[in-house]
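The primary structure of each chain is shown beneath.
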Amino acid sequence: MIKMQNQRWSKYYLFVFIVISLSVILRFFMLSKQSLWYDEGLSLTNSDVSTLQESIAKVRYIGNSDRFQPLYFIVLFLWRQVFGESEFALRSLSAILGIGSSIVIFFTALRIYGKKHALWSLLILTFSSFCVYYSQEARIYALAMFIASLQLYFFTTVLVKNEGNQGISIWLFSIFTAIGIFTNINFCFSTTALCLSHIAIYRNLRQWLQWWLPAAFLSLPPILYYLTLPGATDPESISVSRLGLPIIQNIIFVLHGILVGTTYGPSMEQLRGNDRVQVMLHYWPQIFLLLIVGTVIFLALIKVLLRHKKNNREKHPDYFFASLIVMAFLLGLLLAIVTKLNWVPRHSYYLWLPLAMLIPSALSLRPGISSKRYGVSQLAKIAVISLIVLNIYSLFNYYFNENYQKDDYRSAVQYIIKNRSSSTQSVFLFGNPRLFRYYGDTLSLDGRKLGDQLKKGITNENMAGKIQKLTNSADTVLIVVNRDYLFPKGLIEKEMSNLYNLDSEVSFAYFKIYRFPKKRT
């Protein structure tokens, strides 16, 4: 009997090892295929220092919203000192952290629910397009998810009966809560949801205070740090993407992006135009399938929660994670409305962890006497498997479909260098200067002030004359624009037409390069 049990455990952990290996492969696969994009250039800029002391000082005065997520840039600085700053090296930090998150959530689910549930949670996170995407990006989200997974792991001591020596877990939970807040200010909202869900579901004031007083105490330094930052009390002064779409569209985008990633349906580039409704209709089979899968899982989870209530199990972990998801989502929505922030899936990275814990509970409707219950159980299983398949499809698009490619600085710079000469000068109206230098272009001129005027539609500033002066009357000018959708259509060509002819234009992912020879008089 013991031998058979050991064999089952051996097979189980062999399968777990295989899934974790797949997680490693997916997060390192083609890691440096795509160029670094605009936001990754910000990570480079924010970690461009010589010493740890300089790094700590620099993050405080970052000009955009990155000042509210300082820890990653300090960690990235240290990482660069050891591993360099190649594309692979920069992104490998996030890849390792992404793998770590999956492993921590596996052990969290194993502690609370058991082997089968833990394996499903691991499978969901391993193939999550959203998680893989941000595990391959030199930005803060993989670090934030890793810290959030550790916070959740130590907190779930509350959810496990007969768990001894909670004191160590309380202090480790409190430490990672403070670290998480210093990692990303949105961590405050996920932690608030955790706090509210704890008291709402378990209703034990003594236990609640025992956990949250140390966490509040250790969280004071990062909170005070944020409150004393320049511009902290005036959100309008922070350079962020403001809400430009109806909030309902942001809600749909967040839910869609969390569940299947941003490479499942239409690409971000396709959704920039005024024909986004027609574009969405073109992808109706994928959207309809996702709607069906999501609805089945949602209804199965509702049925599970109602069954817990019928059996007087209101303190079941499923109730806690459902409450955590709802409260965290509503707090994120409130933040978007109040600050007018352009709410996108990455801002709600913390939703995936409780989702990965809760979704396998949809499978807990075991076959019984009723054939109806058997049918619901089988349908829920098909839906969860389908969700994983949809994420694999999204990952295929991410790896191999160039329509979903991010800003291609690498190709743009190669083109500029190849086509520049003694009589040809290049000027960028919008872009990340650090990435131009990163890929070897140190000669392109910074015309972002002119670009800012054009983005606002200012057309009476003699742009062509200013370009001529900036380039020292070069015979030919290459006008380089990253994110050309920010500029009124046709305005660049019109403003340059006084002194230049448009000879040609070349496009790369999120780039347009215009070639303007000077008019002959």
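In this report, the structure presented in the accompanying data block is examined. Because the structure is a prediction, the values reported are computed rather than measured.

## Notes on the overall build of the protein
Within the protein one finds 22 helices and five strands. Taken over the C-alpha trace, the protein has a radius of gyration of 26 Å; the compact-globule value for 521 residues is 24 Å, and the two agree within 12%. The C-alpha extent of the protein, read off along each of the three principal axes, is 95 × 50 × 45 Å. Partitioning the intrachain contacts of the protein with sequence separation of at least 6 by distance along the chain shows that 76% fall at a separation of at least 24. Surface accessibility of the protein: about 24500 Å² in total, with carbon and sulfur atoms responsible for 63%.

## Notes on the sheet that holds strand S3 (residues 476–482)
Taken in spatial order, the five strands make up an open sheet running S2-S1-S3-S5-S4, and their pairing is mixed. In this open sheet, the two edge strands, each paired with only one partner strand, are strand S2 (445–446) and strand S4 (504–508). The sheet contact formed by S4 and strand S5 (residues 511–517) spans five bridges and is antiparallel. Each bridged residue has a counterpart across the sheet, and for Glu505 the counterpart in S5 is Tyr514. Here helix H20 (residues 448–455) sits on the sheet in contact with strand S1 (424–430) and S2, set at roughly 50° to S1. Helix H21 (residues 463–470) rests against S1, S2 and S3 of the sheet, and its axis sits at about 125° to S1.

## Looking at unusual backbone geometry
Positive phi values are uncommon outside glycine, yet Ser473 reaches one of about 60°. Backbone geometry at Arg483 places phi at a positive 65°, although glycine is not the residue there. Tracing the backbone through its elements, the reader meets Arg483 in the loop between S3 and helix H22 (491–496).

## Some words on the packing of helix H9 (residues 166–183) against helix H10 (residues 187–202)
Between two packed helices, what matters for the description is the angle formed by their axes and the separation of those axes. Where H9 contacts H10, the axes come no closer than 8 Å and their chain directions differ by 145°. Within the contact between the two elements, H9 uses Phe173, Phe176, Thr177, Gly180 and Ile181 and H10 uses Phe187, Cys188, Thr191 and Leu194.

## Things to note about the packing of helix H12 (residues 247–260) against helix H15 (residues 317–339)
At their nearest, the axes of H12 and H15 sit 11 Å apart, and the two run at 140° to each other. Compared by their axis directions, H12 and H15 come out oblique. Crossing hand, H12 versus H15: right-handed. Contacts between H12 and H15 involve Ile247, Ile251, Val254 and Leu255 from the first element and Phe329, Leu333, Ala336 and Ile337 from the second. When its residues are assigned to classes, the contact of H12 with H15 shows eight nonpolar, no polar and no charged.

## Regarding the environment of Asn472
Relative to the elements of secondary structure, Asn472 occurs in the loop between H21 and S3. For the pair Asn472 and Gln425, spaced 47 residues apart in the sequence, the C-alpha separation amounts to 8.9 Å.

## Description of the packing of aromatic side chains
Tallied over the full model, the rule gives 42 aromatic pairs. Both rings, one in Tyr153 and one in Phe154, keep their centres 5.3 Å apart while their planes meet at 80°; by these two values the pair is edge-to-face. Residue Tyr153 is classed as partly exposed on the basis of its relative accessible area, which comes to 23%. Its relative accessible area of 15% is what places Phe154 among the buried residues. Between the NZ or CZ atom of Lys115 and the centre of the ring of Tyr12, over which it lies, the distance is 5.3 Å.

## Digging into the state of the cysteines
Disulfide: a covalent bond formed between the sulfur atoms of two cysteine residues. As enumerated under the stated definition, the model contains zero disulfides in all. The structure places no disulfide on Cys188, whose sulfur is separated from the nearest cysteine sulfur, that of Cys195, by 12 Å.

## Observations regarding the pairing of S3
For S3, the buried fraction is high: seven of the seven residues fall into the buried class. The alternating pattern of S3 places Thr476, Leu478, Val480 and Asn482 and Val477, Ile479 and Val481 on opposite faces, both of which are buried. Sheet topology places S1 next to S3; six bridges connect them, and they run parallel. Looking at the pairing, Phe428 lines up with Val480 of S3. Inspection of the sheet shows S3 paired to S5 by seven bridges, in the antiparallel sense. Within the sheet, the bridge partner assigned to Leu478 lies in S5 and is Arg515.

## Concerning the pattern of salt bridges
Taken as a whole and assessed by the stated rule, the structure comprises 15 salt bridges. Note that Glu40 and Arg91 form a salt bridge whose closest N and O atoms lie 2.9 Å from each other. Separated by 51 residues along the polypeptide, Glu40 in helix H2 (residues 38–46) and Arg91 in helix H5 (residues 87–112) bring together distant segments of the chain. Each of the two residues, Glu40 as well as Arg91, counts as buried. When the shortest N-O distance is used, the salt bridge between Arg80 and Glu85 registers 2.5 Å.

What counts and what doesn't
Residues numbered from 1 in each chain as written. Predicted model: local features only at pLDDT ≥ 70, side-chain atom pairs only at ≥ 80, totals over all residues. Heavy atoms only, no water. Helix = DSSP H or I, 4+ residues; strand = E, 2+ residues; numbered from the N terminus. Rg over C-alpha atoms; globule rule 2.2 N^0.38 Å. Contact = heavy atoms within 4.5 Å. Areas by Shrake-Rupley, 256 points an atom, 1.4 Å probe, with all protein chains shown as cover. Pairing = 2+ DSSP bridges. Axes fitted to C-alpha atoms, helices over the stretch in contact; angles between N-to-C directions. Parallel < 35°, antiparallel > 145°, perpendicular 65-115°, else oblique. Left-handed = near helix turned anticlockwise from the far one by under 90°. Nonpolar A, V, L, I, M, F, W, Y, C, P; charged D, E, K, R; others polar. Phe/Tyr/Trp six-rings, centres within 6.5 Å; stacked < 30°, edge-to-face > 60°. Buried < 20%, exposed > 50% of the residue type's maximum accessible area, 1.4 Å probe, protein only. Lys NZ or Arg CZ within 6 Å of the ring centre and 35° of its normal. Disulfide = S-S within 2.5 Å. Salt bridge = Lys/Arg side-chain N within 4 Å of Asp/Glu carboxyl O.

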